[in-house]
Amino acid sequence: MKQDQLKQAVGIKSVDFIQDHMTVGLGTGSTVYYMVEELGKRVQAGDLTVNCVSTSQRTWDQAKKLGINMLPLDQVDHIDLTIDGADEIDTQFQGVKGGGAALTYEKIVALNSQRNLWIVDQSKQVQQLGAFGIPLEVIPFGHQQLLQRLEAENLHPQWRMDDQGQPVLTDMHNYIFDLHLDQLQHPHLLADWLDHQTGIIEHGLFLDIVNTVIVGTANGPQIIENIR
Ligand SMILES: O=C(CO)[C@H](O)[C@H](O)COP(=O)(O)O
């Protein structure tokens, strides 16, 4: 099965976790795209009534077009469930996100959700985090100095550019740096260090956050509960 078909299968399956009248966080990315399409169908069919918050402008626009009831995050008092993709997930249910540059909004929504469900194809499962790179959202002011500081720490930062060679901008008009570390032995130590660096808004290490993962396999979506 092609990767895109696996993404579609998990995206569709994840909508079964949404119950009537829930407030749902909608993630960002190509896997989430399929989830939002399916949610839109069920809302249009009258099978589900939900309020949703978004982790990006992209997802907000898609959901609005489908007639899904969208609210700004600050207008909801809780989020029952957030469904999002991931770039890597290890055997301890620790993850990396931010391939789509939406990591800060994604983390804010995730940390304010009662449950977090990730939808991934098998290629996202890893023994150890790191190969994908660790995305950072950084403010433009002083970004060159920050780049030097990260280089001095041997964190191998790379400023993310788009196809035209222009800096990728987040929804907040910040930059993305990717740390190329290959194998990350101690994700909590790095997360703690990054949390204390001025100029870094957020990093893509999503540690101790996910409750349930749906993995797309050739035998169909596989649901794995994080019981740790
Ligand atoms: O973190 C993300 C966006 O910031 C995405 O969830 C992650 O990059 C996975 O994307 P895709 O489903 O397209 O593979």
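Treat the numbers as computed from the prediction; the structure is a model and nothing was measured.

Q: Would you mind going over the nonpolar core with me for this structure?
A: Counting residues in hydrophobic clusters, the biggest one holds 55 residues, and the most contacted among them are Met-35, Ile-83, Trp-118, Ile-119 and Val-120. In terms of residue count, the dominant contributor to this core is helix 2 (residues 30-44) (6 residues). Residues from two domains meet in this core; each of domain 1 (3-122 + 207-217) and domain 2 (134-198) gives at least three. For Trp-118, the contacting residues outside a window of four places in its chain are Asp-84, Gly-85, Ala-86, Ile-89, Gly-95, Val-210 and Val-213.

Q: In this structure, what is going on with the site of the ligand? I would like to understand it.
A: Around the ligand, the surrounding shell holds 17 residues, and the nearest of these are Gly-29, Thr-31, Gly-85, Gly-99 and Gly-100. Of all elements in the fold, only helix 2 and helix 4 (103-111) reach the threshold of two or more residues within the shell around the ligand.

Q: Would you mind going over the sheet that holds strand 1 (residues 23-26) with me for this structure?
A: Backbone hydrogen bonds hold the strands of a sheet together, and the pairing may be parallel or antiparallel. Spatial strand order, 3-2-1-4-7-13-14: 7 strands in an open sheet with mixed pairing. Taken across any chain shown, the strands that pair with only one partner, and hence form the sheet edges, are strand 3 (69-70) and strand 14 (220-225). With 2 bridges joining them, strand 2 (residues 51-54) and strand 3 adopt parallel strand pairing. Considered in strand 3, the bridge of Asn-51 is made with Asn-69. Seen against the sheet, helix 1 (residues 3-14) touches strand 4 (79-84), strand 7 (113-121), strand 13 (212-217) and strand 14 and runs at an angle of roughly 155° to strand 7. Along the sheet, helix 4 makes contact with strand 1, strand 2, strand 4 and strand 7, crossing strand 4 at roughly 145°.

Q: Just checking my understanding: could you explain the pairing of strand 8 (residues 134-138) for this structure?
A: Looking along a regular strand, one sees side chains alternate from face to face of the sheet. Among the 5 residues of strand 8, 5 are classified as buried, and the element is accordingly described as predominantly covered. Residues of strand 8 alternate between two faces, with Ile-134, Leu-136 and Val-138 on one and Pro-135 and Glu-137 on the opposite face, all of them buried. As judged from the 3 bridges shared by strand 8 and strand 11 (residues 200-203), these two strands associate in the antiparallel manner. Residue Glu-137 lies in a different strand from strand 11, and its bridge partner there is Glu-202.

Q: What's the story with the domain arrangement of the protein in this structure? I'm lost.
A: Assigned domains within the protein: domain 1 (3-122 + 207-217) and domain 2 (134-198). Each of domain 1 and domain 2 has a C-alpha centre, and these two points are 25 Å apart. Across the contact, 12 residues belong to domain 1 and 11 residues belong to domain 2. A total of 3 residues in the side of domain 1 that touches domain 2 trace back to one element, the largest contributor, which is helix 4.

Q: Please clarify how the packing of helix 1 against helix 2 should be interpreted in this entry.
A: Axes are the key here: two packed helices are described by the angle between their axes and the distance separating the axes. For the pair helix 1 and helix 2, interaxial distance at closest approach is 7 Å and the crossing angle is 45°. Classified by the angle their axes make, helix 1 and helix 2 are oblique. Every pair of crossing elements has a handedness; the one defined by helix 1 and helix 2 is right-handed. Contacts between helix 1 and helix 2 involve Lys-7, Gln-8, Val-10, Gly-11, Ile-12 and Ser-14 on the former and, on the latter, Ser-30, Thr-31, Val-32, Tyr-34, Met-35 and Glu-38. In terms of residue class, the contact of helix 1 with helix 2 is built from 5 nonpolar, 5 polar and 2 charged.

Q: Would you mind showing me how to read helix 3 (residues 57-65) here?
A: Owing to its 3.6 residues per turn, the α-helix aligns residues three or four sequence positions apart on the same side. When helix 3 is considered as a whole, its buried residues turn out to be Thr-59, Trp-60 and Ala-63. Here the buried residues of helix 3 occupy an arc of 100° about the axis, which is enough to place them on one side. Exposed positions of helix 3 whose direction lies more than 90 degrees from the buried face are Asp-61 and Lys-65. Residues of helix 3 that are buried in the fold lie against strand 1, helix 2, strand 2 and strand 3.

Calculation notes
- Residues numbered from 1 in each chain as written.
- Predicted model: local features only at pLDDT ≥ 70, side-chain atom pairs only at ≥ 80, totals over all residues.
- Core = buried A, V, L, I, M, F, W, Y, C linked by C-beta atoms within 7 Å.
- Buried ≥ 20, exposed ≤ 12 C-beta atoms within 10 Å, placed from the backbone.
- Helix = DSSP H or I, 4+ residues; strand = E, 2+ residues; numbered from the N terminus.
- Domains from an automatic or database assignment.
- Contact = placed C-beta atoms within 7 Å.
- Near = placed C-beta within 6 Å.
- Pairing = 2+ DSSP bridges.
- Axes fitted to C-alpha atoms, helices over the stretch in contact; angles between N-to-C directions.
- Parallel < 35°, antiparallel > 145°, perpendicular 65-115°, else oblique.
- Left-handed = near helix turned anticlockwise from the far one by under 90°.
- Nonpolar A, V, L, I, M, F, W, Y, C, P; charged D, E, K, R; others polar.
- Arc of directions from axis to C-beta.

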